[in-house]
Amino acid sequence: MRKRRGPGQRAPGSTRSVEHTDGQSVLTDSLWRRYSEFELLRNYLLVYYPHIVVPPLPEKRAEFVWHKLSADNMDPDFVERRRIGLENFLLRIASHPTLCRDKIFYLFLTQEGNWKETVNETGFQLKADSRLKALNATFRVKNPDKRFTELKHYSDELQSVISHLLRVRARVADRLYGVYKVHGNYGRVFSEWSAIEKEMGDGLQSAGHHMDVYASSIDDILEDEEHYADQLKEYLFYAEALRAVCRKHELMQYDLEMAAQDLASKKQQCEELATGTVRTFSLKGMTTKLFGQETPEQREARIKVLEEQINEGEQQLKSKNLEGREFVRNAWADIERFKEQKNRDLKEALISYAVMQISMCKKGIQVWTNAKECFSKM
């Protein structure tokens, strides 16, 4: 994947240095990046901006293809569509009010060598949440935020709806391709018929030509349709980006609940030591019954340790509460931004697709109108 930083066209794989008049700043005109580097960039963004709906990458392998469309990952048409998708991914980041200012993203666009090393030096992999921990939080969180629960459900429904839409579109493409290509038989038959007619021959030959043009036009039509299918696929993958934000909130809520539970437990232990009463069964209580009571000095030492732990726990709980509220505020602001973008993009894509279908039908009418005129002149 090559990213251009200017309007000039360059040969594949070429780079060009741009020097400012002071002779100091040098920027590359274009860079080559592998798909895996795009994945690395996105994984980094997911870790450092967990409250943001990070734009998805285009599919690595073709999905929802109709039978005449190649599913080969090295097919030139698929590679070109993926290139456009990767370019769109970069444009999404560049237009985001927060992500566009990220230093690693800037280096992705400008740094020719050692970019991977620069990303790995951030240590973002160590900060990534494990899938097991995320799954544990999903099932064990006691007080989930209703808004994020509803958003998670919405993302599942959005993914399901768009998947069904893409499957329907693939089936329609299959049948449409067959209908158009069958019209080529009209062309062949009219051409053969024209050979045995004198007065009608020219009209039949001309009508056959219009049928041939009509039959061959479907290839370009369905190729253009793939552009709209790719727009839908982007939001199919955006659904997972929404769920990633929800999962992060579940993890933070789970950590908050565990911290509150641990603090409550320590306060209870401290109270029991201070009053000499045990409200719940504990291993420590059983040990005391078996081996005797603690000395006052030992009890005071334990109370002091617990008080320090309680003070530390209260500070941690306060910090987690503040962090959680900030996450919710920032996440919801970005989710609202995403919703506006989604509504605008999908509305535009669906209208454009409808206009394309209308244009296709008009071309079909024009072909048969031309054929009618040919028949009229016989």
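Nothing here was measured: the structure is a model prediction, and the numbers come from that model.

1. Concerning the pattern of salt bridges
Side chains carrying opposite charge are able to pair once their charged atoms draw close together. Inspection of every chain in the model, using the stated rule, returns 20 salt bridges. Notably, a salt bridge pairs Arg-83 with Glu-80, separated by 2.9 Å at the nearest N-O pair. Linking Arg-83 with Glu-80, this pair stays in helix H2 (residues 76–94), spanning 3 residues, or about one helical turn. The partner of Arg-337 in a salt bridge is Asp-334, and the shortest N-O contact between them spans 2.9 Å.

2. Things to note about the packing of aromatic side chains
Per the counting criterion, the structure on display carries 15 aromatic pairs. Relative to Phe-108, the ring of Phe-38 lies with its centre 5.1 Å away and its plane at 75 degrees, an arrangement referred to as edge-to-face. Here Phe-38, found in helix H1 (residues 35–48), pairs with Phe-108, found in helix H3 (residues 103–110); they are 70 residues apart in sequence, far enough to count as distant. Residues Phe-38 and Phe-108 agree in their burial class; the two are buried. A ring pair is formed by Tyr-228 and Tyr-353, whose centres lie 6.2 Å apart and whose planes are at 70 degrees; its orientation type is edge-to-face. Of this pair, Tyr-228 sits in helix H9 (residues 218–275) while Tyr-353 sits in helix H11 (residues 296–376); the two residues are 125 residues apart in sequence, bridging distant segments of the chain. A relative accessible area of 19% places Tyr-228 in the buried class. With a relative accessible area of 25%, Tyr-353 lands in the partly exposed category. Taken together through their ring pairs, the aromatic side chains of Phe-38, Phe-89, Phe-108 and Trp-115 make up a single cluster. Arg-147 extends its terminal NZ or CZ atom over the ring of Trp-332, reaching a point 5.2 Å from the ring centre.

3. Re the packing of helix H7 (residues 146–194) against H11
Two elements in contact, H7 and H11, have axes separated by 14 Å at closest approach and are oriented at 15 degrees. With respect to H11, the axis of H7 lies roughly parallel. Where H7 crosses over H11, the handedness of that crossing is left-handed. Side by side, H7 and H11 meet where Arg-147, Phe-148, Leu-151, Tyr-154, Leu-158, Arg-169, Leu-176, Tyr-180, His-183, Tyr-186 and Phe-190 of the first sit next to Phe-327, Val-328, Ala-331, Trp-332, Ile-335, Lys-342, Tyr-353, Met-360, Trp-368 and Phe-375 of the second.

4. Overview of the confidence of the model for the protein
Of all residues in the protein, 82% attain a pLDDT of 70 or more, and the chain-wide mean is 83. Counting contacts from residues 2–21, a segment whose pLDDT is below 50, to residues more than four positions away or on other chains yields 43 contacts.

5. Structural notes on unusual backbone geometry
Its identity is not glycine, yet Asn-114 carries a phi of approximately 65 degrees, on the positive side. In this fold, Asn-114 is placed in the loop between H3 and helix H4 (115–120). Using a relative accessible area of 55% as the deciding quantity, one classes Asn-114 as exposed.

6. Digging into the nonpolar core
Generally speaking, a soluble globular protein has its nonpolar side chains buried in company with each other. Val-53, Phe-148, Ile-162, Val-245 and Ile-335 are the most contacted members of the largest nonpolar core, which totals 23 residues. Breaking this core down by element, the ones donating at least two residues are H7, H9 and H11. If one sorts the elements of this core by residue count, H9 sits on top with 10 residues. In this structure, Ile-52, Phe-89, Ile-104 and Val-119 belong to the second largest nonpolar core, which totals 22 residues.

7. Notes on empty space enclosed by the protein
One pass over the structure, following the stated rule, counts 1 cavity of 30 Å³ or more. Considering only enclosed or pocket space, the largest cavity measures out at about 40 Å³ in volume. Every residue lining the largest cavity is listed: Val-141, Pro-144, Asp-145, Phe-148, Thr-149, His-249 and Glu-250. Of all the secondary structure elements, the ones that give two or more residues to the lining of the largest cavity are H7 and H9. Its residues placed into classes, the lining of the largest cavity shows 3 nonpolar, 2 polar and 2 charged.

Thresholds applied
- Residues numbered from 1 in each chain as written.
- Predicted model: local features only at pLDDT ≥ 70, side-chain atom pairs only at ≥ 80, totals over all residues.
- Heavy atoms only, no water.
- Salt bridge = Lys/Arg side-chain N within 4 Å of Asp/Glu carboxyl O.
- Helix = DSSP H or I, 4+ residues; strand = E, 2+ residues; numbered from the N terminus.
- Phe/Tyr/Trp six-rings, centres within 6.5 Å; stacked < 30°, edge-to-face > 60°.
- Buried < 20%, exposed > 50% of the residue type's maximum accessible area, 1.4 Å probe, protein only.
- Lys NZ or Arg CZ within 6 Å of the ring centre and 35° of its normal.
- Axes fitted to C-alpha atoms, helices over the stretch in contact; angles between N-to-C directions.
- Parallel < 35°, antiparallel > 145°, perpendicular 65-115°, else oblique.
- Left-handed = near helix turned anticlockwise from the far one by under 90°.
- Contact = heavy atoms within 4.5 Å.
- pLDDT = per-residue confidence, 0-100.
- Core = buried A, V, L, I, M, F, W, Y, C linked by side-chain atoms within 4.5 Å.
- 1 Å grid on protein atoms, 1.4 Å probe; cavity = no way out; pocket = protein on both sides within 12 Å on 5 of 7 lines; lining within 4 Å.
- Points joined across faces, edges and corners; volume = space filled by probe spheres on them.
- Nonpolar A, V, L, I, M, F, W, Y, C, P; charged D, E, K, R; others polar.

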